[in-house]
Amino acid sequence: MKLPISFIESTRALMGDEEYQKLSVALEQEPPVSVRLNSKFTDSLSCSSISGCIPWAAGGYYLNQRLTFTFDPLFHAGCYYVQEASSMFVEQVLRRYVTAPVKMLDLCAAPGGKSTHARSLLPDGSLLVANEVIRNRSQILAENLTKWGHPDVVVTNNDPSDFSRIGSFFDVILADVPCSGEGMFRKDPGAIEEWSPENVEICWQRQRRIITDIWPCLKPGGILIYSTCTYNTREDEENIAWIRQEFGAEPLPLTVPEEWNITGGLLVGADAPVYRFLPHKTQGEGFFLAVLRKPEEAEETDGGSHFPKKKKPKGETAASSVSKENLAVARGWLPTSDKYDLLVNGAVITAFPALFLDDLAMLRSSLRIVQAGTEVAEVKGKDLIPAHGLAMSRLLETSLFPTEELTYEQAIAYLRKEAITLSPTVPRGYVLVTYKKTPLGFVKNIGNRANNLYPQEWRIRSGYLPEDIRTL
């Protein structure tokens, strides 16, 4: 690995010759592969590929080899997420400091690793807003959160400055800010090519702008989780010191067992608790995290409190815009329908938690909403078509649909959006297809064939199967 000379010099000066040499050796080694299991689906998974547990993440595991994830139906079904091990350390913050329902923002969320992780950990009755500023990446974020299956999520596509319109709305904000990417050098050769001292300067200034934009959206007493995947102190300790000085933020500690080998701050004289993952000490990539609390006495800003109670979210019509019959059927597909309101936007019916309808109205008034809640169905002519989002959702009651278990070959064909043939005993109509008893999506069985309802944009585009298929 050919590292930039200026990176070598600055990092050696930061860590010292001995530590830098160990880091340099580690960067030449193959990075570990790790996944985080979706607790809803763990019964579907085997353990043959798992080599060890990630100690700071209850559902995180190291793998003994890289799998052919594209050709694993359980990956597409949301049974697990391929996530870098160090970044799972966010779990320690949420377990310690989030013990009651909250409204949380994951500000720079794509592709969705930390969002799916946070949504698994937040207490019941919480709402997660996952945001991504780049439009095509926000679609990937929405796809991954749909596959993860939790309904109490809103996906937005906004610049951090747009959130200032909603005022002090969030109890928790995770800002995994764009950075110079030094911690990803061995996983992403492109990060080496893009690195420069000038880019580091651009990054730390951009990070301060992001925090300045989003700070008013944090409630007094709320928690900011700041993280990067880089080593230099400009983007790490120096930014934490700036947040403390600029906003009066209180740094918060975490309990870290010594055997985890997580490093503290590298900036001489810094007294805030910060947490660094270095590849020669921890089994993972470079990562930095700090936790800060907004002062209780900070001024709370107004952002939408003028909305009347139970106002329907902007851009969505009352449920009566579709037939009562179709609406009744859709509601019957939700076993916990008393906790969710059905919203209709054009021909699409979506389930959203009733508790947060006013909040959704305010978010819609100020932000670009990519997805909110769980898409339940779409009306086409006289037909009510169950949505793929419903198949992936924790709200799904599988007993309400005929099901057909697919072989591996059938599952891959389905995920390629190819036609599949069901057994003659399967009734006509909408059928939920499963693999290892895990929902993959819906088909419409018309007798001699089944129309594949898998989302076109999500399909496996590769037309071949590798000779060596390794799945979880």
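Rules used in this analysis
Residues numbered from 1 in each chain as written. Predicted model: local features only at pLDDT ≥ 70, side-chain atom pairs only at ≥ 80, totals over all residues. Heavy atoms only, no water. Helix = DSSP H or I, 4+ residues; strand = E, 2+ residues; numbered from the N terminus. Rg over C-alpha atoms; globule rule 2.2 N^0.38 Å. Buried < 20%, exposed > 50% of the residue type's maximum accessible area, 1.4 Å probe, protein only. Contact = heavy atoms within 4.5 Å. Areas by Shrake-Rupley, 256 points an atom, 1.4 Å probe, with all protein chains shown as cover. Phe/Tyr/Trp six-rings, centres within 6.5 Å; stacked < 30°, edge-to-face > 60°. Pairing = 2+ DSSP bridges. Salt bridge = Lys/Arg side-chain N within 4 Å of Asp/Glu carboxyl O. Axes fitted to C-alpha atoms, helices over the stretch in contact; angles between N-to-C directions. Parallel < 35°, antiparallel > 145°, perpendicular 65-115°, else oblique. Left-handed = near helix turned anticlockwise from the far one by under 90°.

A. Representation of the overall build of the chain in the model. When helices and strands are counted, the chain shows 13 helices and 21 strands. A globule of 472 residues ought to have a C-alpha radius of gyration of about 23 Å, and the chain, at 23 Å, matches this closely. Seen along its three principal axes, the alpha-carbon backbone of the chain occupies a region of about 70 × 60 × 35 Å. Considering the chain as a whole, with its 472 residues, one finds that 56% of them fall into the buried category. Long-range pairs, those at least 24 residues apart, make up 74% of the contacts in the chain with a sequence separation of at least 6. With an accessible surface of roughly 20200 Å², the chain has 49% of that area assigned to carbon and sulfur atoms.

B. Local environment of the packing of aromatic side chains. One pass over the structure, following the stated rule, counts 21 aromatic pairs. Ring geometry for F69 against F75: centres 6.0 Å apart, planes inclined by 45°, an arrangement best described as tilted. With relative accessibility at 26%, the residue F75 sits in the partly exposed group. Considering the side-chain rings of Y454 and W458, the 6.5 Å spacing of their centres and the 75° angle between planes classify their relative orientation as edge-to-face. Considered together, Y454 and W458 belong to a single accessibility category, that of buried residues.

C. Local environment of the pairing of strand β9 (residues 218-228). The element β9 is extensively covered by neighbouring structure, given that 10 of its 11 residues are classed as buried. Bridge analysis of strand β8 (residues 170-176) against β9 gives six bridges, and the strand direction is parallel. For L174, the partnering residue across the bridge sits in β9 and is I225. Relative to strand β12 (residues 287-293), β9 is paired through six bridges, and the arrangement is antiparallel.

D. Summary view of the environment of S49. Within the secondary structure, S49 is located in the loop between β1 (33-37) and β2 (50-53). Using a relative accessible area of 5% as the deciding quantity, one classes S49 as buried. Here the alpha-carbon distance between S49 and R428, two residues 379 residues apart in the chain, equals 39 Å. Discounting chain neighbours no more than four positions away, the residues touching S49 are Y62, L63, N64, Q65, L67, T471 and L472.

E. Region of interest: the pattern of salt bridges. Evaluated as defined, the whole model comprises 21 salt bridges. Between D159 and R209 there is a salt bridge, with the nearest N and O atoms lying 3.5 Å from each other. Placement of D159 in the loop between β7 (153-156) and β8 and of R209 in helix α8 (residues 197-214) is noted, with a sequence separation of 50 residues between them. Overall, the relative accessible area of 23% leaves D159 in the partly exposed class. In this structure R209 comes out as partly exposed when scored by relative accessible area, which is 37%.

F. Focus on the packing of helix α1 (residues 5-15) against helix α2 (residues 17-27). Where α1 contacts α2, the axes come no closer than 7 Å and their chain directions differ by 125°. Taken as axis vectors, α1 and α2 run oblique relative to one another. By crossing handedness, the relation of α1 to α2 is classed as right-handed. From α1, I8, T11, R12 and M15 reach across to α2, where they touch D17, E19, Y20 and L23.

G. Looking closely at the sheet that holds strand β17 (residues 383-386). Spatially, four strands are ordered β13-β14-β16-β17 in an open sheet, and the strand pairing comes out antiparallel. Of all strands in the sheet, those bounded by a partner on one side alone are β13 (340-345) and β17. The mean angle between the axes of side-by-side strands here comes to 25°, regardless of whether they run parallel or antiparallel. Bridge analysis of strand β14 (residues 348-353) against strand β16 (residues 374-380) gives four bridges, and the strand direction is antiparallel. Of the residues in β16, the one forming a bridge with V348 is E378. Sheet strands in contact with helix α10 (residues 324-332) are β13, β14, β16 and β17, and its direction is about 135° off that of β13.

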